[in-house]
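Structural features, examined
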Amino acid sequence: MQIEIRLFATLTSYADHEDVDSDGCLSIEGPATIRDALLRLGVPEQDIKLVFLNGVGASLDASLKDNDRVGIFPPIGGG
């Protein structure tokens, strides 16, 4: 299956992975979860704060299906 994965802020460097194409798509064998996709890209779980699946908050254990859109955000500080 193919999913669109977007990594934001300090996580963008993981999007340069050889398995992510120029459109931000990752091919992954199913069944798979968001956690499986992030492990494949080497994203450390402790660096993840917010997870979205098709625009809705989700957990790392959410199941993926073809053409899903995943957004991952790290903790963000500011003042």
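Residue positions are given per chain, counted from 1 along the sequence in the order it is written. The predicted origin of the model limits local features to residues at a pLDDT of at least 70 and limits the giving and counting of side-chain atom pairs to 80 or more, whereas totals for whole chains, interfaces and linings rest on all residues. The basis for every side-chain value is the complete set of non-hydrogen atoms in the structure, without hydrogens or water.

Before going further, it helps to spend a moment on the pattern of salt bridges. For this document, the term salt bridge refers to a Lys or Arg side-chain nitrogen within 4 Å of an Asp or Glu carboxyl oxygen. Summed over the entire model, instances satisfying the criterion amount to five salt bridges. Across the pair Glu-4 and Arg-6 runs a salt bridge whose closest N-O atoms are separated by 3.1 Å. On the basis of relative accessibility, which here comes to 25%, the residue Glu-4 falls in the partly exposed class. With a closest N to O distance of 2.8 Å, Arg-35 and Glu-45 form a salt bridge. Here the residue Arg-35 occupies a position in helix 1 (residues 34-41), and Glu-45 occupies one in the loop between helix 1 and strand 3 (50-53), the gap between them amounting to ten residues. A 1.4 Å probe rolled over the protein chains alone gives each residue an accessible area, and that area as a share of the maximum for its type sets the label: buried under 20%, exposed over 50%, partly exposed in between. Using a relative accessible area of 24% as the deciding quantity, one classes Arg-35 as partly exposed. To qualify as a helix, a DSSP run of H or I must reach at least 4 residues; to qualify as a strand, a run of E must reach at least 2; elements of each kind are numbered from the N terminus.

A few words now on the pairing of strand 3. Along strand 3, the buried face is formed by Val-51 and Leu-53; none of Leu-50 and Phe-52, which line the opposite face, is buried. Here a strand pair is declared whenever DSSP counts at least two bridges between the two strands. Taken together, the four bridges between strand 3 and strand 5 (residues 69-73) define a ladder with antiparallel strand orientation. Note that in strand 5 the partner of Leu-50 across the bridge is Phe-73. Taking the residues that link successive antiparallel strands as the turn, the strand 3-strand 4 (residues 56-57) hairpin has two residues, and the phi of Asn-54 there is positive, at about 55°.

The subject of this paragraph is the nonpolar core. Buried together is how nonpolar side chains tend to be arranged in soluble globular proteins. By nonpolar core is meant a set of buried Ala, Val, Leu, Ile, Met, Phe, Trp, Tyr and Cys residues that side-chain atoms within 4.5 Å join together. Counting 21 residues, the largest nonpolar core has Ile-34, Leu-38, Val-70 and Ile-72 as the members making the most contacts within it. The set of elements that each furnish at least two residues to this core consists of strand 1 (2-7), helix 1, strand 3 and strand 5. At four residues, helix 1 tops the list of elements feeding residues into this core. Contacts were defined at the residue level, with two residues in contact if any of their heavy atoms lie within 4.5 Å. Setting aside anything within four residues of it in sequence, one finds Val-70 in contact with Ile-3, Glu-4, Ile-5, Arg-6, Ile-34, Phe-52, Leu-53 and Leu-64.

With respect to the helices and strands, Gly-71 occurs in strand 5. For Gly-71 and Gly-55, which are 16 residues apart along the polypeptide, the C-alpha to C-alpha distance reads 7.8 Å. Setting aside anything within four residues of it in sequence, one finds Gly-71 in contact with Arg-6, Phe-8, Leu-50, Val-51 and Phe-52.

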